[in-house]
Amino acid sequence: MHISKIAALAATTALTATVAMAQDVDRSDWPASFTVGTASQGGTFFVYGSGWANLVADELGLSGGAEVTGGPMQNMALVHTGEAQFGLTTMGPAAESYAGTNPIAPGLQMTNACAMFPMYQTPFSVTALSSSGIETIADIPAGARIGFGPAGSTSDTYFPLMLESLGVEFERRNGGWDDLGGQLQDGLLDVIAFAAGVPIPAVSQLEVQTDINIIEFTEEEQAQIIEAFPVSGFEIDADTYTTLEAPARSVAMWNFAIANCDLPESFVYAVTDVIMSDNERMVNIHASARETLPEHWDKNTALMWHPGAARWFVENAGADIPADRIHAAN
């Protein structure tokens, strides 16, 4: 009990220090409100992004919230233009956006969206109704109706190419995760190809309402995908879903929170501090935040760092971020 009281006191002290730090800095150039671009309802981005938007708004005494979007590609565009101050993206879409190959605005290099903090890995997973008889990727019949999430999302960008590389022939469908889950139950879809942090709310809801199969990749399929796409090996823990009896072999891609590069350094430092200084609060928002840890700063392989975020990780996580990877104001 004594140890618990000490831990609680330490957490309270850290929180008080965070609030005091944010209040002591010059806020004259801070925005009065902010928006976080997330994704469709029923997906992890929306739950995670809504949660940290509310947390930051409460802790910093600002007006802020989440916005439903088309996901990582659209978030890169919204943050680049400043229509959203913050957003959530994935390393693959981030790299494409910097290169000017974002399908939302082909040819536009969206380099005014900067890295803020690491979120979690996005596993790619396949779900079907148990009644379909689909238990492996090879079982997916030619012409299967597959839901790939919102158009332009990480799942929609990469999963069709992955399945094509494995020889799957399909009809492509798009929509929000909640909507696609309903279509699967109603027999309008054969498969949903999810790319989202686990547990995915729509999958958790599905397994409460019906019997489903969460389909893993074989070792050979996993190796083939890793060779061809910007992903790494991943296992979905057995305790993630009640449906799973053993870990499910998958692949995953890292997600990062992003900030408009023109936001004040002190503002982004304060936001980063709220998120990164108390992981327990983030895990209470969504279990995937177990990976929202300072040591994962090095998982940013595509984005320039916002100066405020870079300073936080250098000062608090011992990050070795080269100066040429930190955005400089023009």
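What counts and how
Residues numbered from 1 in each chain as written. Predicted model: local features only at pLDDT ≥ 70, side-chain atom pairs only at ≥ 80, totals over all residues. Heavy atoms only, no water. 1 Å grid on protein atoms, 1.4 Å probe; cavity = no way out; pocket = protein on both sides within 12 Å on 5 of 7 lines; lining within 4 Å. Points joined across faces, edges and corners; volume = space filled by probe spheres on them. Helix = DSSP H or I, 4+ residues; strand = E, 2+ residues; numbered from the N terminus. Disulfide = S-S within 2.5 Å. Buried < 20%, exposed > 50% of the residue type's maximum accessible area, 1.4 Å probe, protein only.

**Quick word on empty space enclosed by the protein**
Following the criterion strictly, the structure yields 1 cavity of 30 Å³ or more and no others. Roughly 120 Å³ of internal volume is contained in the largest cavity. What lines the largest cavity is a set of 18 residues, and nearest its centre among them are Ala39, Phe45, Pro72, Trp177 and Ala195. Among the elements of the structure, α2 (44-60) and α5 (154-165) are those that each provide at least two residues to the lining of the largest cavity.

**So, the state of the cysteines**
Overall, the coordinates contain 1 disulfide when judged by the stated rule. Here Cys114 pairs with Cys261 through a disulfide, and the sulfurs are 2.1 Å apart. Measuring the twist about the S-S bond at about 110°, one finds the Cys114-Cys261 disulfide to be right-handed. Of this pair, Cys114 sits in strand β4 (residues 113-129) while Cys261 sits in the loop between β10 (248-260) and α9 (265-276), and the two are 147 residues apart along the sequence. Judged by its relative accessible area of 0%, Cys114 is buried. A residue is classified by how much of its surface remains accessible, and Cys261, at 6% relative accessible area, is buried.

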